[in-house]
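Analysis of the macromolecular model
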Amino acid sequence: MTQITDRPPAQPLTARGRGAASDRAFSAVSLAAGALVLAILVLILVTTLREAWPALKYAGLGFVTSPSWVPLEVDGAGPVYGALSFVYGTTVVSIIALIFAVPISIGIALFLTELAPTRLRSTVVTVIDLLASIPSVVFGLWGIIVVGPALVKVYNGLHGALGDIPVLGSLFGEPVSSGRGFMTAGMIVAIMIIPIITSITREVFATVPDADKQAAYALGATQWEMIRGAVFPHSFGGMVGAVMLGLGRAMGETIAVALTIGAATQITPNLFAAGNTLASVIALNFGDPGVPPGRSALIALGVLLFAITVVINYAAAVVVRRADVRMKGASA
Amino acid sequence: MTTTVQAAQQPLSAPSGLGRGSLATRRRLANTLVRTGIWLSVIIAVVPVALVMYYVIAKGAKMISWDFLTKPIPRQLANPGGGIGPAIAGTLLMTGLASLLAIPLGVLGAIYLNEYGKQNALARSVRLMSNVMTGVPSIVMGLFIYTAVVLTTEQSGLAGALALACLMLPVVIRSSEEMLRLVPDELRQASLALGARKWRTIVTVVLPAAVSGIASGALLGVARAAGETAPIVLVVGLTQRVNWHLSGSNTALPVQIYRNATEPFEAATDRAWGAALTLVVIVLLATLISRLIANRFAIKER
Amino acid sequence: MTATNDRPAVHIDAGWRHDGAERQPADGGAALMELRDVSVFYGDYEAVRGATLPVRQNEITAMIGPSGCGKSTILRALNRMNDLIRGARVTGTITYLGQDIYARDVDPIQVRRQIGMVFQKPNPFPKSIYENVAYGIKINNIKGNMDDMVEEALTGAALWDEVKDKLKTSGMALSGGQQQRLCIARTIAIKPAVILMDEPCSALDPIATGRIEDLMYELCKQYTIVIVTHNMQQAARVSHHTAFFTAEVDEKQVRHGRLVEFGETGRIFTNPKDPRTEGYITGRFG
Ligand SMILES: Nc1ncnc2c1ncn2[C@@H]1O[C@H](COP(=O)(O)OP(=O)(O)OP(=O)(O)O)[C@@H](O)[C@H]1O
Ligand SMILES: [Mg+2]
């Protein structure tokens, strides 16, 4: 029973060769694929900045301080490229979108984590997924054909009721007859950023330790008091990150805004007036950019938008990751 | 932890000067209000989805016919007739090519992050930057391809596919890394202990174990890309005829929806709804298949 | 089947373990592997310090000792699985058939090819039973009839009779004990010289454990086995030689794993030389 059976004679342990090389090749290829992300981001900046340069040089500081955008020669005067109106439009639309989307998203996230009966939960999740998968151009189509015209009556009513009050009156001014303007665009964008804010806040809420919630309930808290005392403080960082990501999306949303904002270059407090955002003005005018360096000027708007959204998304990613680390630390 | 408990105490102890009854009523009222608000927010979110779907189906369905899906696009959008055949072809061509580019590269990138780089400086910055890249507006990606590709070549389906691939890449990387992370380390060790090289372990053990999750995530990315409009508008140009070539002007469903939506004619609006229904069906099919694959994965995990 | 019938004999006749004649393999236990003054570091932390012991051919060598004393660490050092842990280092020499397995030009893949490993938690691949066994054969380009080799490995792991009708089903669908035998089959399919086992039975019930023990006894006729176990009866039942490790605090108040005593299993359990070994064995055993 103790015979030593024939084993193939032990091979030398040093048989390297092709095998080890293939390992190195594979890791190099995968590293290259990973680094591609960094390369693309750098390339975006380099190539767009290069094309934007003529317009930036032409417009100078006026590019960010002037509110007027005249891409034509008027009476011998050259074109004017001032992005301020579009920065204003982007800001207004994003703020409107956040005002609508943030409470609703937090509500949905609370519903999904705290309130929903199991069966309803999956239905609501499906609806939100559906919302996330409808292309933005379809929302734009719906906005321009259905929502805008329908909202004009509401806008008119609000204008009639509030138009004479000093501050509110200027916000709720005369609407455009088609209903296209900051408000309509803002509301459409709100719908489109609900899924991303919801999904992140929901993840954050889900990581609140059960012990904290139980502790609040044990003190006799109602559900709302529990949410305020245990869920919100714990998830504050993550919620901020979610809102910032939503803001980034809102600022970059293009086609739905282009269809519903009414395309006007102006700075006005009137939320029902037509305007333009950085993204929408590029999409609307790229096919017909005016006299040179018109196209370069539109690309310059893109560079501005890129810079703003990268900063916001970078900050959001950092905030979410911090919150993530802290929560994992807390629950581990 | 301690601050949390204190915070929870505050609302309880603050109104201690008030009578018991009024305190209970106020608290109950606040609670009811908030619960109502939460339900309301769900309803507010459901309504637009329902409305959009209703309009797309109601107005789009009557447009759908074989002719509509296959005929060339009319030169004058104001005139009735014609179809969206070239747009469907363009969408399939561009999303197809974009997937062929972005999915393998994205999966490889995810392999780098999860299997090689892990927590080193490069991997951490790639991870952070792909999060940032996910947030780069699609119109900017369009401008990038315009300045980097179109200016030196021409407006083409290839340029469109490249733009879509750039948009998909970070999405695929992130979702694939998530899935690779779920593969238990024991499997890698088992394979390595059998004398497998790392790359063979990754290709023959790790990837197959994560394949349905990766496929599901990638398909979601494909669905997103199929609905992208802004970059396509900038870089592919326009055509009325089916163009299966990567060179030369092309078009896509979202572009046709956009163009028809801006025309104030009924024929154009109808065409827009018909194209919207077609696009939504394609996107939802991709999403549904992705869900099915993901569910199968979930069961196998258990 | 025969394996189960053998079981009672193993239990009752504890004598075979302590009977030197039965234990001695034919070649008198030539050392297949040798550890000389081996220390293993995780970063700056020296998890095991200065272990010296032989691993004799066609024997079962058991490693016992309290939790955290570095048994798994040493075991992983034997087939360079520690290479996969960032910051892990080995000093001293570990030789296999006289070759230093940590020499510069040694390919860890070749080391693992000849020194296989079975893990604490059964970890079959999420593939079919057949594919699980065939995997290593394919990876290592072993020539021959695949079906025959798979059957041979499964038979060798005493699993063939139980799975021969469902080779196409997933390896994950087996019971824990069957999964562990599948992992053993997977390992012996590539015919390594040494099989390292890290607490292979700790996730199994006594019956499944018994079957694995019988299997190890059969396997050591063809293979050399090193097993880490917390179960001292198990070490006493199956092994020929036993290494006892413990964790000790050095002058700087840092804990290190140390090899306290190595010897023939019968002697270690009946007549330990070191009081620490005796304390550990009687504390748990008696
Ligand atoms: N990957 C690692 N990184 C850093 N330290 C480690 C690592 N693995 C183990 N250690 C440390 O090395 C020491 C020995 O660990 P090891 O797992 O070898 O112990 P063990 O004897 O196998 O214990 P057990 O019986 O519980 O399995 C322990 O102090 C442990 O904390
Ligand atoms: Mg151990």
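As a reminder, the structure under discussion sits directly above these lines.
Turning our attention to the packing of helix α4 (residues 85–117) of chain B against helix α7 (residues 157–182) of chain B. Residues and elements named next belong to chain B. Running from N to C, α4 and α7 point in directions that differ by 35°, and their axes come no closer than 6 Å. The hand of the α4/α7 crossing is right-handed. Looking at the contact of α4 with α7 residue by residue, the classes come out as 21 nonpolar, seven polar and three charged.

This paragraph deals with the interface of chain B and chain A. Tallying the contact residues gives 83 residues for chain B and 88 residues for chain A. Both faces combined, the contact of chain B with chain A buries some 7,500 Å², and carbon together with sulfur accounts for 80% of it. Where chain B meets chain A, there are two salt bridges. Residue D129 of chain A is joined to R291 of chain B by a salt bridge in which the shortest nitrogen-to-oxygen separation is 2.5 Å. Summed over the shared surface of chain B and chain A, the number is twelve residue pairs in polar contact (both at pLDDT 80 or more). Sorting elements by how many residues they give to the side of chain B that touches chain A places helix α2 (residues 20–61) of chain B first, with 19 residues. For the side of chain B that touches chain A, a count of residues per class yields 61 nonpolar, 16 polar and six charged.

This next bit is on the site of ligand 1. Residues and elements named next belong to chain C. Lining the immediate environment of ligand 1, one finds 14 residues, of which S67, K71, S72, T73 and H230 sit closest. Within the side chain of S67, a nitrogen or oxygen atom sits 2.3 Å from an oxygen atom of ligand 1. H230 is positioned with one of its side-chain polar atoms (N or O) 2.6 Å from an oxygen atom of ligand 1. Summarising the interface, the protein chains cover 65% of the accessible area of ligand 1, which totals 630 Å² for the free molecule. Elements with a minimum of two residues in the shell around ligand 1: β2 (45–56) and α4 (71–78). Examining the composition of the shell around ligand 1, we find that four residues originate from one element, α4, more than from any other. For the shell around ligand 1, the residue count by class is five nonpolar, six polar and three charged.

With that out of the way, let us pick up the state of the cysteines. Applying the stated criterion across every chain yields a total of zero disulfides over all chains. In this structure C183 of chain C is a free cysteine whose sulfur lies 12 Å from that of C201 of chain C, the closest cysteine sulfur available.

This next bit is on the environment of T65 of chain A. All names here are of chain A. Tracing the chain through its elements places T65 in helix α2 (residues 62–65). Considering only alpha carbons, one finds T65 and Y81, 16 residues apart in sequence, at a separation of 9.7 Å. Here L61 takes part through its backbone oxygen, which lies 3.2 Å from a polar atom of the side chain of T65.

Residue and element names in this part refer to chain C. Spatially, the ten strands line up as an open sheet ordered β5-β4-β1-β2-β10-β9-β3-β8-β7-β6, and their pairing is mixed. The outermost strands of the open sheet, each flanked by one partner alone, are β5 (99–100) and β6 (115–118). In this sheet, strand β9 (residues 241–249) lies alongside strand β3 (residues 60–64) in parallel orientation, the contact comprising four bridges. Within β9, the residue paired with T61 across the bridge is H241. α4 rests against β1 (31–42), β2, β3, β4 (88–96), β6, β7 (194–198), β8 (224–228) and β9 of the sheet, and its axis sits at about 120° to β1. Most of the contacts of helix α9 (residues 176–188) go to β6, to which it runs at about 170°, and overall it touches β6 and β7.

Overall, the coordinates contain 16 aromatic pairs over all chains when judged by the stated rule. Ring geometry for F244 of chain C versus Y280 of chain C: centroids 5.0 Å apart, planes at 35°, classification tilted. With F244 of chain C in strand β9 and Y280 of chain C in helix α13 (residues 275–285), this residue pair connects regions lying 36 residues apart in the sequence. Taken together, the ring pairs connect Y58, W69, Y81 and F86 of chain A into an aromatic cluster. Taking NZ or CZ as reference, R295 of chain A lies 4.8 Å from the ring centre of F286 of chain A, over its face. Between the NZ or CZ atom of K198 of chain B and the centre of the ring of Y116 of chain B, over which it lies, the distance is 4.6 Å.

How each quantity is defined
- Residues numbered from 1 in each chain as written.
- Chains lettered and ligands numbered in written order.
- Predicted model: local features only at pLDDT ≥ 70, side-chain atom pairs only at ≥ 80, totals over all residues.
- Heavy atoms only, no water.
- Axes fitted to C-alpha atoms, helices over the stretch in contact; angles between N-to-C directions.
- Helix = DSSP H or I, 4+ residues; strand = E, 2+ residues; numbered from the N terminus.
- Left-handed = near helix turned anticlockwise from the far one by under 90°.
- Nonpolar A, V, L, I, M, F, W, Y, C, P; charged D, E, K, R; others polar.
- Contact = heavy atoms within 4.5 Å.
- Buried area = accessible area lost by both parts, 1.4 Å probe.
- Salt bridge = Lys/Arg side-chain N within 4 Å of Asp/Glu carboxyl O.
- Polar contact = N/O pair within 3.5 Å; in protein donor to acceptor, adjacent residues only side chain to side chain.
- Near = heavy atom within 4 Å.
- Areas by Shrake-Rupley, 256 points an atom, 1.4 Å probe, with all protein chains shown as cover.
- Disulfide = S-S within 2.5 Å.
- Pairing = 2+ DSSP bridges.
- Phe/Tyr/Trp six-rings, centres within 6.5 Å; stacked < 30°, edge-to-face > 60°.
- Lys NZ or Arg CZ within 6 Å of the ring centre and 35° of its normal.

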